[in-house]
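Below, each chain spelled out in residue letters.
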Amino acid sequence: MMEPVAFTVAYGLREYLSFVHDYGAWRQATEVHKVRATSTPPRLGGWLYLMATVYLLAPPIFLFKNRRVGECTFTADERALVRRNKTGSTEMPWSEVLRVHRLSQAYLVEKAEGAMPLPYRCFTQAQRHAFESILRENNVPAAGDACCIWTPPASASD
């Protein structure tokens, strides 16, 4: 049995915008890859418009959410990722995680309804190693070749 990984996060606006920017860039790269596969013209203008809108709307949304939610305490173990804050507790079993992105400043745990950023600054080196081991043990998918933090297990047919 692995030791749980526990840490506390108080998000900052600049950090939050970094998460949004990195994830947006990953989404755009994914879209460009799909476009190349289908020979459809890329929609770069749409992405730029979206990012400009996000940068205008993100600060007030972040400030409101940060005031309402406050500091978050996370615990990751072999069963789930649990977040506790002023509004309560959320448990997300690893089977519900769509993928984990490795952004410039954080892991981004993507689920069907949103995502949870986990800043690297909140982990010790040993905790990062343990967290990545938990992800591997639970076969949590990594997000694309450029963002992979581990190699997903090979299937039996390989």
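Remember, predicted model here, so these are calculated numbers, not experimental data.

Trainee: I'd like to hear about unusual backbone geometry, residue by residue, with values.
Mentor: For asparagine 139, which is not a glycine, the phi torsion comes out positive at approximately 55°. Assignment of secondary structure puts asparagine 139 in the loop between α3 (125–137) and α4 (144–147).

Trainee: Which residues make up the sheet that holds strand β1 (residues 5–9), and what values go with them?
Mentor: Overall, antiparallel pairing links the 4 strands, which are arranged β1-β2-β3-β4 in an open sheet. Here the strands that pair on one side only, and so sit at the sheet edges, are β1 and β4 (88–93). Taken over all neighbouring pairs, the strand axes of this sheet differ in orientation by 15° on average, direction set aside. Two elements, β1 and strand β2 (residues 72–76), share 5 bridges in a ladder whose sense is antiparallel. Note on β2: the bridge partner recorded for threonine 8 is threonine 73. The sheet strands contacting α3 are β1 and β2, and the helix crosses β1 at an angle near 115°.

Trainee: Before we move on, could you go through the pattern of salt bridges and cite the residues and values that matter?
Mentor: Taken as a whole and judged by the stated rule, the model has 3 salt bridges. Across the pair arginine 79 and glutamate 91 runs a salt bridge whose closest N-O atoms are separated by 2.9 Å. Of this pair, arginine 79 sits in the loop between β2 and β3 (80–85) while glutamate 91 sits in strand β4, and the two are 12 residues apart along the sequence. By relative accessible area, arginine 79 is classed as partly exposed at 49%. Overall, glutamate 91 belongs to the partly exposed group, its relative accessible area being 43%. With its nearest N and O atoms 2.9 Å apart, the salt bridge here joins glutamate 110 to arginine 99. You can see glutamate 110 sitting in strand β6 (residues 106–111) and its partner arginine 99 sitting in strand β5 (residues 97–102), a full 11 residues away along the chain. Overall, glutamate 110 belongs to the buried group, its relative accessible area being 10%.

Trainee: Would you mind going over the packing of aromatic side chains in detail, with residue names and values included?
Mentor: Applying the stated criterion across every chain yields a total of 7 aromatic pairs. Ring centres 5.0 Å apart and planes at 90° place the aromatic pair tyrosine 107 and tyrosine 120 in the edge-to-face group. A residue pair is termed long-range when its members are at least 10 positions apart, and tyrosine 107 in strand β6 and tyrosine 120 in the loop between β7 (114–119) and α3 qualify at 13 residues. Here tyrosine 107 and tyrosine 120 have matching classes, each one buried. A centroid spacing of 4.9 Å and a plane angle of 50° characterise the contact between tyrosine 107 and phenylalanine 131, whose relative ring orientation is tilted.

What counts and what doesn't
- Residues numbered from 1 in each chain as written.
- Predicted model: local features only at pLDDT ≥ 70, side-chain atom pairs only at ≥ 80, totals over all residues.
- Heavy atoms only, no water.
- Helix = DSSP H or I, 4+ residues; strand = E, 2+ residues; numbered from the N terminus.
- Pairing = 2+ DSSP bridges.
- Axes fitted to C-alpha atoms, helices over the stretch in contact; angles between N-to-C directions.
- Contact = heavy atoms within 4.5 Å.
- Salt bridge = Lys/Arg side-chain N within 4 Å of Asp/Glu carboxyl O.
- Buried < 20%, exposed > 50% of the residue type's maximum accessible area, 1.4 Å probe, protein only.
- Phe/Tyr/Trp six-rings, centres within 6.5 Å; stacked < 30°, edge-to-face > 60°.

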